[in-house]
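Each chain, written out:
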Amino acid sequence: MIVVPFYNMIVVPGVTFFFQSEYFQEVAGKKPNTGEDVIFLMLKEDKKKEDMTAEDFYPIGIAGVVDTLDKEGNIGIKAKHRVDVEKIEINDGIQVEAALREDIEDWSREELDQHYEEVKSAYLNFIAGSRWGIMARNYIMQWNSVSEMAATLSYQLKISNAEKYNIIQQDKMSDRVTLMEKALYEFLEMAKLASAAQTEQEASHEQLYREDAIKKQMEYLQRELDEMHPESMSDVRKFEKKIQESGMNETARGEAAKVLNRMKQEGQNSQEYGILYDYLDFVTSLSWKSEEPSEIDLGKAEEILSQEHYGLKKVKQRILQQIAVMNLKKEQAGSILLFVGAPGTGKTSIGQSIAKALNRAYVRVSLGGVRDEAEIRGHRRTYIGAMPGRIMEGIKRSGASNPVMVLDEVDKLAKDYGGDPSSALLEVLDPEQNSTFTDHYMNVPYDLSNVLFVCTANTLDTIPEPLLNRMEVISFSGYTAMEKLQIAKRHLLPKAMESMGVKNKNLKVSDAAIQAMIGDYTMEAGVRGLKKCMDTLCRVAAVKLVKGEQKSITVSPKRLPQYLDQKPMRHDHILKEKKPGIITGLAWTQAGGDILFIETLFTKGTGKIIITGQLGDVMKESVQIAVSLVKSMYPDKAEIFEKNDLHIHVPAGAIPKDGPSAGITLTTAIVSLVNDRAVSPAIAMTGEVSLRGGVLPIGGLPEKLMAAQRAGITTVFIPEENMEDLDDVAEEVKKKLQIQPVSRVEEVLTGCGI
Ligand code: ADP
């Protein structure tokens, strides 16, 4: 008995298989004799002879007999019936013990013939007229059954080895033939697809098998294409892979799988395809990997912070404390910091340095003007144009699950018909809730608990209380002229030069020029305007260098108007003359501090109060209080108030002045007018006043004092309760001012000599 292993063929009873002598000997291991028994055994996978083991074979084999043996040594083996293989032994050759396995002959000879005639004519129809038609026709005419046809074409059929075995193992003749027919029709359909000579086909079979054939062909072509161009893998396969690799949580994976299924069903031409694509693209580009908290080297962190920012001692100290606590608690988020201060004071850029110090990704999300809750929490994915919210969009941009996220301008969140964005933000920032933050667009939770949030704002006034309670406020009070000079020299100028390719030898800016820019060309608490000046100088220098007009440019104060294309600004400086009724006050604005003048005048009238100038509503109330207070302090002057109208004016600065902190200034101005005594313009003051003459604390002291010093004020009255804020005021400013704490308005009046 000869055992012949085979792979990827259809060997079925009733068919004669022909082998070349040499090949047969190679496979079977010996020369056959006519009439010798043969058993065909099917391999599960393609294996070399020397590697085969008993487990490599399927349990049903086919017994046959050597039927013909011609002069050239070609062998014909007729397969007779199937056998159950009971035992396989492999040593020199392969030995098997097998028992007959009955076929169930449920179709008659006629039925079988009829089926074959149909397949045959489908094939003949197809090849009619093709170039190789005659040849193929002769070939086809030799066959007598579906089995013979399938066996002969078995290598070409686009079905797998396992599918071929499935045919062999069918006991019922009808099942076996049906499966073979199916494979043959599919093969034919594929041949048709590939062939230019498409002829009319038998409609019934075509409909049945065409779709399967097309799918298989597509899969096959797609695989080939994918291998050639991994980058153009079809969308579905691409997302399948990305979802697999993303590390998503269970819920997210479920949702993504659902969307992917929809995408498969919809097909590329559907309207919805784009929406589904965008969704999958979004969720698979998020980082779903949770990062382990790592120990931060405090020394290094400190170095990075001080390298990138000049000054800001307290701020840096506070940040280092935060890092130390995070190290101790092995946390990644820590408490939420809120940086408050005027524009350009370094709030955002120090956020970036924190990320660098922690060796984490950085991302900035601007919240200015956000008025719709959906901008934070995302739009539901029910319409075209739905988008994720800014938070998740930021997470995507950062490429990490634990970035340092700077939420810019939290004070500029607006409330509108679209829901309250600040309540959505509350959820983002709440450690109790943010580990399962669910963006409406994503519709699945994402863990934000490892994100380090840093918020920035110009003022605390407009931040809703619950939000403010979540955060630790750190003030950026603005820079003194001396600090600005250092920042310009160490950071702004070198950075501007580098970004514009200007070398050190090409551009020199004298300290005097920088000081002039600080004093006369900018009016700000931060350094944004100064940075713009530096950028402008570098651009001007670049043009001159490229044109070859000059090799090196030196900027002195005299040249500034020409280079900056700008005239020096008129600063609010102290008034030259001293007149009763005019007092210098100090104001806080979003751009930092400023001085203001309050002018009062009596004109003949009937006791009316006239208010003009850039005043907000709160300040108008302060006027009422001041007037009542003065009237009660000087009852003997009642007649003046009755017979005159009191006109109060705050000359137009660019910014509307608001806030109650002009209380003592207004009161002093009215007293000065009533008593007809002038106060020195070099004296300034800030403080809220109560109806009974108490002086109440105010905000923004560092900015106000800086403005006072800049304007040339010598003496400042401040509320007693604000004394502790002096810690935040630069020494340089304190040295130049005589600061007098007061708790009653009378102390101010005495101090002013009225
Ligand atoms: P803010 O967010 O407070 O409006 P930015 O962070 O945008 O201000 O700062 C404006 C510019 O000034 C940035 O280019 C920043 O690098 C620079 N800057 C601000 N403060 C400092 C500082 N202390 N040292 C160096 N550069 C600074």
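Residues numbered from 1 in each chain as written. Predicted model: local features only at pLDDT ≥ 70, side-chain atom pairs only at ≥ 80, totals over all residues. Heavy atoms only, no water.

A. View of the sheet that holds strand β8 (residues 362-366). One open sheet holds the five strands; their spatial order is β8-β9-β12-β7-β13, and the pairing between them is parallel. In this open sheet, the two edge strands, each paired with only one partner strand, are β8 and β13 (471-476). When the angles between neighbouring strand axes are averaged without regard to direction, this sheet yields 20°. Of the strands in this sheet, β8 and β9 (404-408) are in contact with helix α15 (residues 390-398), which crosses β8 at around 155°. (Pairing = 2+ DSSP bridges. Helix = DSSP H or I, 4+ residues; strand = E, 2+ residues; numbered from the N terminus. Axes fitted to C-alpha atoms, helices over the stretch in contact; angles between N-to-C directions. Contact = heavy atoms within 4.5 Å.)

B. Just the pairing of strand β12 (residues 452-457), in detail. When you tally the buried positions in β12, you get six out of six residues, the bulk of the element. Burial along β12 is two-sided: the residues Leu452, Val454 and Thr456 and Phe453, Cys455 and Ala457 are all buried. By the bridge criterion, four bridges tie strand β7 (residues 336-341) to β12 in an arrangement that is parallel. Looking across to β12, one finds that Leu337 is bridged to Val454. Examined bridge by bridge, β9 and β12 share four bridges and lie parallel to one another. What sits directly across from Val404, in β12, is Leu452. (Buried < 20%, exposed > 50% of the residue type's maximum accessible area, 1.4 Å probe, protein only.)

C. View of the packing of aromatic side chains. Under the definition given, this model contains 13 aromatic pairs. Each ring, one from Phe239 and one from Tyr277, has its centre 5.1 Å from the other, and the planes form 70°; the classification is edge-to-face. Pair noted here: Phe239 is in helix α8 (residues 235-246) and Tyr277 is in helix α10 (residues 273-285), with a separation of 38 residues, a long-range link. Using a relative accessible area of 24% as the deciding quantity, one classes Tyr277 as partly exposed. Their ring planes at 85° and their centres at 5.6 Å tell us that Phe602 and Phe641 sit as a pair that is edge-to-face. Placement of the pair is Phe602 in strand β17 (residues 592-604) and Phe641 in helix α23 (residues 638-643), with a sequence separation of 39 residues. Across the pair, exposure class does not vary: Phe602 and Phe641 are buried alike. Taken together, Phe6, Phe17, Phe19, Tyr23, Phe24 and Phe40 form an aromatic cluster joined through their ring pairs. Against the face of Phe239 rests Lys238, its NZ or CZ located 5.1 Å from the ring centre. In this structure, Arg381 packs its charged tip against the face of Tyr279, placed 3.8 Å from the ring centre. (Phe/Tyr/Trp six-rings, centres within 6.5 Å; stacked < 30°, edge-to-face > 60°. Lys NZ or Arg CZ within 6 Å of the ring centre and 35° of its normal.)

D. Geometry of the sheet that holds strand β19 (residues 644-650). Sheet architecture is open: seven strands sit in the order β18-β19-β17-β16-β20-β23-β24, paired in mixed fashion. Single-partner strands in this sheet number two, and they are β18 (609-613) and β24 (738-742). Pairwise comparison of adjacent strand axes, ignoring direction, gives a mean angle of 30° for this sheet. Strand direction decides the pairing type here: strand β16 (residues 582-589) and β17, joined by eight bridges, are antiparallel. Note on β17: the bridge partner recorded for Thr589 is Gly592. Together, β17, β18 and β19 form the strand contacts of helix α22 (residues 617-633), whose direction differs from that of β18 by roughly 145°. Contacting β16, β17, β19, β20 (683-685) and β23 (715-719), helix α24 (residues 663-674) crosses the sheet at an angle of about 35° to β17.

E. Highlighting the nonpolar core. By size, the foremost hydrophobic cluster in this structure holds 54 residues, and its most contacted members are Phe40, Tyr123 and Leu184. Ignoring any residue separated from it by four or fewer positions in sequence, one finds Leu184 in contact with Val119, Tyr123, Val146, Met149, Ala150, Leu153 and Leu157. (Core = buried A, V, L, I, M, F, W, Y, C linked by side-chain atoms within 4.5 Å.)

F. Quick look at the domain arrangement of the chain. You can read the domains of the chain as domain 1 (2-101), domain 2 (234-285), domain 3 (298-476), domain 4 (481-564) and domain 5 (582-752). Centre-to-centre separation of domain 1 and domain 3, based on C-alpha positions: 73 Å. (Domains from an automatic or database assignment.)

G. Fine view of the site of the ligand. The environment of the ligand is made up of 20 residues, and the closest members are Tyr310, Gly344, Lys347, Thr348 and Arg528. A distance of 2.7 Å separates an oxygen atom of the ligand from a polar side-chain atom of Lys347. Here an oxygen atom of the ligand sits 2.4 Å away from a polar atom, N or O, in the side chain of Arg528. The protein chains hide 91% of the 560 Å² of surface that the ligand would expose on its own. Of all the secondary structure elements, the ones that give two or more residues to the shell around the ligand are α13 (347-358), α18 (481-499) and α20 (528-547). In terms of residues, the shell around the ligand owes the most to one element, α18, which gives four residues. Here the shell around the ligand is built from residues that sort into eight nonpolar, seven polar and five charged. Viewed by domain, the shell around the ligand spans two of them, domain 3 (298-476) and domain 4 (481-564), each represented by three or more residues. (Near = heavy atom within 4 Å. Polar contact = N/O pair within 3.5 Å; in protein donor to acceptor, adjacent residues only side chain to side chain. Areas by Shrake-Rupley, 256 points an atom, 1.4 Å probe, with all protein chains shown as cover. Nonpolar A, V, L, I, M, F, W, Y, C, P; charged D, E, K, R; others polar.)

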